Amino acid sequence: MSLKSQFDLAKNEYEQWGINVEAVLEKLKNIPISIHCWQGDDIGGFEVNKAELSGGIDVTGNYPGKAATPEELRMDLEKTLSLIPGKHRINLHALYAETDGEVVDRDKLEPKHFMKWVNWAKEQGLGLDFNPTVFSHEKAADGLTLSHPDPEIRKFWIDHCIASRKIGEYFGKELGTPCLTNIWIPDGYKDVPSDRLTPRKRLKESLDEIFAVEVDDTYNIDSVESKLFGIGSESYVVGSHEFYLSYALKNNKLCLLDTGHFHPTETVSNKISSMLLFNEKLALHVSRPVRWDSDHVVTFDEELKEIALEIVRNDAIDKVMIGLDFFDASINRIAAWTIGTRNMVKALLYAMLMPNEQLKELQENGDYTRRLALLEEFKTYPFGAIWNYYCEQMNVPVKEHWLADVAKYEKTVLSHRK
C-alpha cells in the first residue's frame, strides 16, 4: 500500500474526531525548532585560545568525524537539516565566533565575528539564536562568574553578556526574525554554603547591569536559565529556578526551562501551564536527562510527548520558543541531531492529532473513565502513517531511510576528517 493510501486511511480515523489533518500538517511546517550547533563538535567552539570544557558540562565518547572548523560544522548542519521536515533555526554559543586567527576575548566580541554565520543563515533561510558562553574560560575556573566576589571578574562576564545581547540584536536585524539570547551561568558551590543570599544578590546586580544596556527587543529577546545542581555545584546553584522565575517576571524577561535542570522527580511538562498563566512567552531547552543533567539525545518518550501536549492543548505554539540541548559523542553526531529534532517535531504532530478539546470536556464533566480510555486508545492510532506522509511531502527521508544518507555522508565526508 502506498504512503498516500496509508495516510488517507489514517486521516479518516482522526477526522472522525473532528481533527483536520491537512490543517495540522500545514501548521506543523511553520513551527521552528532551534537546533543547537554544539552537538556537532562536542561544545568545542573555534576560539584561538581554546580552553578545556568546564562548568559542570561533560561530553562522552569519541565517535570519528567531529567538525573541526566552522565550515565543517555548517556543512554538517546543512546535511542534518536536509533530513528533518520543516524550517528550523540554529542556536549558537559565543565560543563559535570566527576571529580569523586573532585572539579576541569574550568581553570584546562583536557582531562582525559572526558575520559568516549570518551570511550562511541568509543563504539557508534560517533564524539564529544565541548564548553567551560563561564557562570553559580561565575567568570561570573557580565556578563563579556573574556572582563572583571579585568585581573585575564580574565586570568581565557582565561585558560578555552585554556583547552577546548586541550580537543577538544583530542577528535579528539581519535575518528578519528575533534572536533569543539566553543567559546560563554555572555559578555554585560543591559543598553546603554558609551564605546563600550574598551570591544571589551579586547575580541580581550583575543582571541588572547587563539588561540596563538598551537593546531593541524587536530583534533580540532576552531569557534566563536556571539549574538545580551541576558537577562541582552539587549543594548550591546561585541561579536557581526560584531566582530566575522571580527575576524574569519582575523584569519582563523570558524564563527558559531546561528539561535536565530540575530534580529527577520534577517534570518540565507540569510547569508549562503554570508558567503560561503569568508569562506572555517562555522558552525551552529540550534534552533527555538520565539520572542527572546528562543531556542525552531526545527520544520519543512520555515526557517529550507530554511537553508537546502541554504546548498544543494550551494553544501555546506561538508562546513557547522550543530549542534543543543535547550532546552525544558516542554516536554519529549528524544522526544524533536528526534523531532528536525529528522526535521533537514528531511529538508536536502527535499532540496536534489528539482530540484535545473532547478530552478537556471529559475532564470538566468529571468523566475520568472515558478520559483515561481515550488517552490510552489514541496511543495506538495510526499516527505513524501521518508522520511518514508528512516527511514525504516535506521532501525528507521517510522512516529509517535517512540512515542511508547519514551512512553515505559518513563514508564520503566524515571518515576523511582527522
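Okay, so let's go over this structure. (Residues numbered from 1 in each chain as written. Predicted model: local features only at pLDDT ≥ 70, side-chain atom pairs only at ≥ 80, totals over all residues. Heavy atoms only, no water.)

**Quick notes on the overall build of the protein**
Here is step 1 of the chain: Looking only at helices and strands, one finds 14 helices and twelve strands in the protein.
Here is step 2 of the chain: Radius of gyration (C-alpha) of the protein: 22 Å, near the 22 Å computed for a compact globule of 418 residues.
Here is step 3 of the chain: Structurally, the protein occupies a C-alpha span of about 65 × 55 × 40 Å along its principal axes.
Here is step 4 of the chain: Carbon and sulfur atoms form 49% of the exposed surface of the protein, whose accessible area is close to 18,700 Å².
Here is step 5 of the chain: Of the side chains in the protein, 49 bear a positive and 66 a negative charge, and the two mean positions are spaced by 1 Å. (Helix = DSSP H or I, 4+ residues; strand = E, 2+ residues; numbered from the N terminus. Rg over C-alpha atoms; globule rule 2.2 N^0.38 Å. Areas by Shrake-Rupley, 256 points an atom, 1.4 Å probe, with all protein chains shown as cover. Lys, Arg positive; Asp, Glu negative; His and termini not counted. Charge placed at Lys NZ, Arg CZ, Asp CG, Glu CD.)

**As for the nonpolar core**
Here is step 1 of the chain: Of all hydrophobic cores here, the largest spans 81 residues; its most connected members are Leu-146, Leu-207 and Leu-284.
Here is step 2 of the chain: Among the elements that line this core, the one with the most residues is helix α10 (residues 333–352), at nine residues.
Here is step 3 of the chain: If near-sequence neighbours (up to four positions away) are discounted, Leu-207 is found in contact with Leu-146, Ile-183, Phe-243, Tyr-244 and Tyr-247.
Here is step 4 of the chain: One finds Trp-38, Leu-95, Trp-117 and Val-118 within the second-largest nonpolar core, a separate group that totals 42 residues. (Core = buried A, V, L, I, M, F, W, Y, C linked by side-chain atoms within 4.5 Å. Buried < 20%, exposed > 50% of the residue type's maximum accessible area, 1.4 Å probe, protein only. Contact = heavy atoms within 4.5 Å.)

**Section: a nonpolar patch on the surface**
Here is step 1 of the chain: Taken together, the side chains of Leu-249, Leu-277 and Phe-278 present a nonpolar region at the surface, about 370 Å² in accessible area.
Here is step 2 of the chain: Within the secondary structure, Leu-249 is located in helix α7 (residues 241–251). (Patch = residues over 30% accessible without salt bridge, like charges linked within 9 Å, V, L, I, M, F, W, Y side chains within 5 Å. Salt bridge = Lys/Arg side-chain N within 4 Å of Asp/Glu carboxyl O.)

**So, the pairing of strand β11 (residues 292–296)**
Here is step 1 of the chain: Pairing geometry for strand β10 (residues 288–290) and β11, over two bridges, is antiparallel. For Val-290, the partnering residue across the bridge sits in β11 and is Trp-292.
Here is step 2 of the chain: The antiparallel pairing of β10 with β11 creates a hairpin that spans one residue between the two strands, and Arg-291 there sits at a positive phi of about 75°. (Pairing = 2+ DSSP bridges.)

**Some words on unusual backbone geometry**
Here is step 1 of the chain: In this structure, Ile-43 takes a positive phi of about 55° despite not being glycine.
Here is step 2 of the chain: Among the secondary structure elements, Ile-43 is positioned in the loop between β1 (34–36) and α3 (70–81).

**What to know about the environment of Asp-325**
Here is step 1 of the chain: Here Asp-325 shows up in the loop between β12 (320–324) and α10.
Here is step 2 of the chain: Between the alpha carbons of Asp-325 and Phe-46 there is a distance of 19 Å; along the sequence they are 279 residues apart.
Here is step 3 of the chain: In contact with Asp-325, not counting residues within four places along its chain, are His-36, Trp-38, Asp-258, His-285, Val-286, Ser-287 and Asp-295.
Here is step 4 of the chain: A distance of 2.9 Å separates a polar atom in the side chain of Asp-325 from a polar atom in the side chain of Trp-38. (Polar contact = N/O pair within 3.5 Å; in protein donor to acceptor, adjacent residues only side chain to side chain.)

**Details of the pattern of salt bridges**
Here is step 1 of the chain: All chains considered together, the criterion is met by 24 salt bridges.
Here is step 2 of the chain: Among the ionic pairs, Arg-165 bridges to Asp-222, the shortest N-O distance being 2.9 Å. Placement of the pair is Arg-165 in helix α5 (residues 151–175) and Asp-222 in strand β6 (residues 220–225), with a sequence separation of 57 residues. You'll find Arg-165 and Asp-222 in the same group, each marked buried.
Here is step 3 of the chain: One salt bridge in this structure joins Asp-208 and Lys-204, with 3.0 Å as the shortest N-O distance. Placement of the pair is Asp-208 and Lys-204 together in helix α6 (residues 197–212), with a separation of four residues, close to one helical turn.
Here is step 4 of the chain: Taking the relative accessible area as the measure of exposure, Lys-204 reaches 38% and is therefore partly exposed.
Here is step 5 of the chain: Each of the salt bridges in this network shares a partner with another, and the network as a whole consists of Glu-71, Arg-74 and Glu-98.

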